[in-house]
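A structural walkthrough
For reference, the chains in residue letters:
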Amino acid sequence: MLAMLAAVEGEWSMMFLWLVGALIVDGVDGPLARRYNVKKNWPTYDGVLLDLIIDYLTYVFIPAFALFHSGLLPGWTGWIAIIVITYASVIYFVDTRMKTKDCSFAGFPACWNMVVLVLFAAQPNFWVTLAVVVLLAGAMFTNLRFIHPVRTARWRALSLPVAIAWTGFAAWAAWVDFHPASWAHWGLVATSSYLLGVGIVQQLMPPREGTAA
């Protein structure tokens, strides 16, 4: 709600700072729930469903609003983006095949909060922005693999620090109001490239039989 209120006022840096805070919470709530056995101790409440509701708001709805309202995609391109993002994401969220056996995601996991933040930082041409949105939306309905930095065990020793670094760069970029001279932008591009591509690399390089992931 705090992120949405900031977005309505066009306070994009504050909106993203709240969303980065939500991303941090999202990274630790699952491990805490498993550590304290919430399924057993609070069985009448569905934490997975709660997580999906909050994720749709913070990962999809608010970033889509920001992309449209900010003017990064003018005119009809903005309408295409919000329709594609919100509709494709809600279909993806209810797909029971979303998670793979190694706790990665089958298809792009609708992390539009991360994508839109990078777009705010990089400020590419609106055609590039539209292409990124359409391609990633299409990638949600493929068998391309995208890691969960916390739960995907393979290469987690590298992936988790990269995800933490991404969070730091994101907070830094928002804190300086996406100043074009900030080194945070380069960090965002580098860490985002890793997080987007490492799951696909893992698909192309499956672990050898009998070896650790």
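This text gives an overview of the structure that appears in the document. (Residues numbered from 1 in each chain as written. Predicted model: local features only at pLDDT ≥ 70, side-chain atom pairs only at ≥ 80, totals over all residues. Heavy atoms only, no water.)

1. Re helix H8 (residues 156-175)
What counts here: Starting at the N terminus, helices and strands are each numbered in turn, a helix being any DSSP run of H or I of at least four residues and a strand any DSSP run of E of at least two. To estimate the expected span of a helix, count its residues, drop one, and scale the result by 1.5 Å. Note on exposure labels: buried denotes an accessible area under 20% of the residue type's maximum, exposed denotes more than 50%, and partly exposed covers the range between, all computed with a 1.4 Å probe on protein chains only. Directions are taken from the helix axis to each C-beta atom, and the arc is the one they span. Any two residues whose heavy atoms approach within 4.5 Å at even a single point are treated as in contact.
Here H8 contains 20 residues, and its C-alpha end-to-end distance of 28 Å stays within 8% of the 28 Å for a straight helix at 1.5 Å per residue. When H8 is considered as a whole, its buried residues turn out to be Ser159, Val162, Ala163, Trp166, Thr167, Ala170, Ala173 and Ala174. Take H8 and look down its axis: the buried residues cluster within an arc of 145°, on one side only. In H8, the exposed positions that point more than 90 degrees away from the buried face belong to Ala157, Ile164 and Trp175. On its buried face, H8 is in contact with helix H2 (12-35), helix H6 (112-122) and helix H9 (184-204).

2. As for the pattern of salt bridges
Just so we agree on the cut-off: In the sections that follow, a salt bridge refers to a side-chain nitrogen of Lys or Arg positioned within 4 Å of a carboxyl oxygen of Asp or Glu.
Per the stated rule, a full pass over the model turns up two salt bridges. Note that Asp95 and Arg97 form a salt bridge whose closest N and O atoms lie 3.0 Å from each other. For Asp95, a relative accessible area of 23% gives the class partly exposed. Arg97 gets classed as exposed once you look at its relative accessible area, which sits at 63%. Notably, a salt bridge pairs Arg145 with Asp102, separated by 3.6 Å at the nearest N-O pair. One end of the pair, Arg145, is in strand S2 (residues 145-146); the other, Asp102, is in the loop between helix H5 (76-93) and strand S1 (105-106), and 43 residues separate them in sequence. On the basis of relative accessible area, Asp102 is assigned to the partly exposed category, the value being 28%.

3. Comments concerning a positive patch on the surface
Heads up, the condition is: Put simply, a patch holds well-exposed residues, over 30% relative accessible area, that have no salt bridge, with like charges counted together within 9 Å and Val, Leu, Ile, Met, Phe, Trp or Tyr side chains within 5 Å. Each accessible area is a Shrake-Rupley result for a 1.4 Å probe, and residues are judged covered by the shown protein chains and nothing else. Counted as positive: Lys and Arg. Counted as negative: Asp and Glu, with His and the chain ends omitted from the count. We put the charge of a Lys on NZ, of an Arg on CZ, of an Asp on CG and of a Glu on CD.
The grouping of Arg34, Lys39, Lys99 and Arg151 at the surface amounts to a positive patch. By the secondary structure assignment, Arg34 is in helix H2. Judged by relative accessible area, which is 45%, Arg34 ranks as partly exposed.

4. A word on the packing of aromatic side chains
To keep things clear, this is the line we draw: Paired rings are identified among Phe, Tyr and Trp, the last through its six-membered ring, by centres lying within 6.5 Å, and are further divided according to the angle between planes into stacked (under 30 degrees), edge-to-face (over 60) and tilted (the rest).
With the rule as written, the count across this model stands at 12 aromatic pairs. Where Phe16 meets Phe178, the ring centres are 5.5 Å apart and the plane angle is 80°; that geometry is what we call edge-to-face. Of this pair, Phe16 sits in helix H2 while Phe178 sits in the loop between H8 and H9, and the two are 162 residues apart along the sequence. Pair check on accessibility: Phe16 and Phe178 agree, each one buried. For the ring pair Tyr56 and Phe93, a centre distance of 5.8 Å and an interplane angle of 80° mean the geometry is edge-to-face.

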